[in-house]
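Structural features, examined
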Amino acid sequence: MDAASPRLVPKLDVSDLVASLRFYVGLVGFRVLFERTDERFAFLDLEGAHLMLQEAAGPGRRFRTAELERPYGRGINLQIQAGDVDLLDRRMRAAGVEVVVPLEDRSYVAGDEVIRLRQFVVADPDGCLQRLREPLGRHLRSRHVQPDPVGGGIMKDEVAPRVDFPRLASRQTMTRPKHDPTGWRTYLRAFHEERPGITEEILAASTSAGQNSYGWLLELIPQDANLLDLACGSAPLLRAGWRGRWVGADRSPAELDRAIANGGLSVIVADALGLPFDDHSFAAVACSMALMLLEPLDDCLAEVARVLVPGGTVALLLPGGPIPLTGGDLRRWGRLFVALRRTRFEYPNDRAVRQLDETMRRHGLEILTDDRRRFAYPVASRDAASRFVDSLYLPGVPTARAHAARRVANSWVGSEIGIPLRRVLLRAAG
Ligand SMILES: C[S@@+](CC[C@H](N)C(=O)[O-])C[C@H]1O[C@@H](n2cnc3c(N)ncnc32)[C@H](O)[C@@H]1O
């Protein structure tokens, strides 16, 4: 623990550590500073707010003066300065979390000042109340202002010079200003909220010589490396057998929920543009099926290079282009593109990925190997056919076209479609 550690750190007994991590990490935005999985214990941080969680049933020592009953934490609520509360409120509601006090703006008297803040109160999975708040500003207190007799000294908002706090950095606003010239950010957010885990569903089922593409990618990563899984999605690399130290970062809370369910306890909601890690924190970075999406790519790669140790490893999985496909695959993809009225898939970083060597060199990353392989997705049922089409990024494609593509994919039932993938190994300058 460093010198800046708070002198008071709440420790909460929770009934299910995974469910609580899903809430505190996946939704509120804490990151796991460290954990002791054998004790079902995790130590969390959110920009200096610290919290300890331990599973009530143990193993290990637990302090009790009475039977634990839901709701836990009776009589207290934890006040957390958690960043952009509008965003958090939407996220909590989307996740079906119980909102106890809806979003509100309040003013509180604090000595000679009035502090304004936006807040809402939610119950964590065990019913313990969390007040998530964001400062809006403060001003000097007027002599004419009457403290509200109800709850916490609400003020009629008059008077005095105003000093605005800068808006606190949330996970999103820790990054640079949003950049969305093509609408991809909005599209991806909705896509992954609606279909978390769908990339893993399709790629984990697609094999080449008995291996799926995640296993193929893991071959590139030294087993003793501590690994940052960037844009980890549902954490398929864990299911594919990664057993070493692992941290997953992704922009989508819904994907991270899946990641936690897949056993990824160290996950953080973060944008690749502003990774919340110290320089030289990781021996390896994996980025599976996401590099073509990260915008602006050069800024994201600068972050990758920054958090990597000198000489560290980067392993990429990317869409592979037609080279490894069979004639039959090409015909099938051709019919799909006709249905979609497209000639190919397009991603924000197509140009940079075509010139990968040059792109990577700008960040001191050297390509060591670059392979392509065909993975066969078995289209066992109409549902599998539909899920395959659903897994494709199709921004701007009208619903009718997507239906037409599903009909094409239905005609493959009982057969397979080849998915072309590219695997790239890079080394950071030593
Ligand atoms: C195609 S999925 C891949 C997920 C997983 N790595 C896999 O291979 O199954 C792309 C992932 O990138 C994430 N993503 C896209 N842009 C991101 C960004 N700028 N920062 C962090 N995550 C991002 C999405 O939320 C999504 O989970």
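Residues numbered from 1 in each chain as written. Predicted model: local features only at pLDDT ≥ 70, side-chain atom pairs only at ≥ 80, totals over all residues.

Considerations on the pairing of strand β6 (residues 99-110)
With 9 bridges joining them, β6 and strand β7 (residues 113-123) adopt antiparallel strand pairing. Across the sheet, the residue bridging to Arg-106 is Leu-117, located in β7. Count of turn residues in the β6/β7 antiparallel hairpin: 2 residues, of which Gly-111 carries a positive phi of about 65°. (Pairing = 2+ DSSP bridges. Helix = DSSP H or I, 4+ residues; strand = E, 2+ residues; numbered from the N terminus.)

Focus: the site of the ligand
Taken together, 20 residues are adjacent to the ligand, and Thr-199, Ala-231, Gly-233, Ser-252 and Ser-288 come closest. For the shell around the ligand, the residue count by class is 10 nonpolar, 5 polar and 5 charged. (Near = placed C-beta within 6 Å. Nonpolar A, V, L, I, M, F, W, Y, C, P; charged D, E, K, R; others polar.)

Remarks on the sheet that holds strand β1 (residues 11-14)
If you walk across this open sheet you meet the 4 strands as β1-β4-β3-β2, and the pairing is mixed. Because the sheet does not close on itself, it has two edges, and the strands there are β1 and β2 (31-36). On average, adjacent strands in this sheet sit at an angle of 25° to one another, irrespective of strand direction. (Axes fitted to C-alpha atoms, helices over the stretch in contact; angles between N-to-C directions.)

Observations concerning helix α12 (residues 382-390)
Turning to α12, its buried residues are Ala-385, Phe-388 and Val-389. Seen end-on, α12 carries its buried residues on one side only, within an arc spanning 95°. Looking at the buried side of α12, the elements it contacts are α4 (198-204), β17 (365-379), α13 (399-410) and β18 (415-428). (Buried ≥ 20, exposed ≤ 12 C-beta atoms within 10 Å, placed from the backbone. Arc of directions from axis to C-beta. Contact = placed C-beta atoms within 7 Å.)

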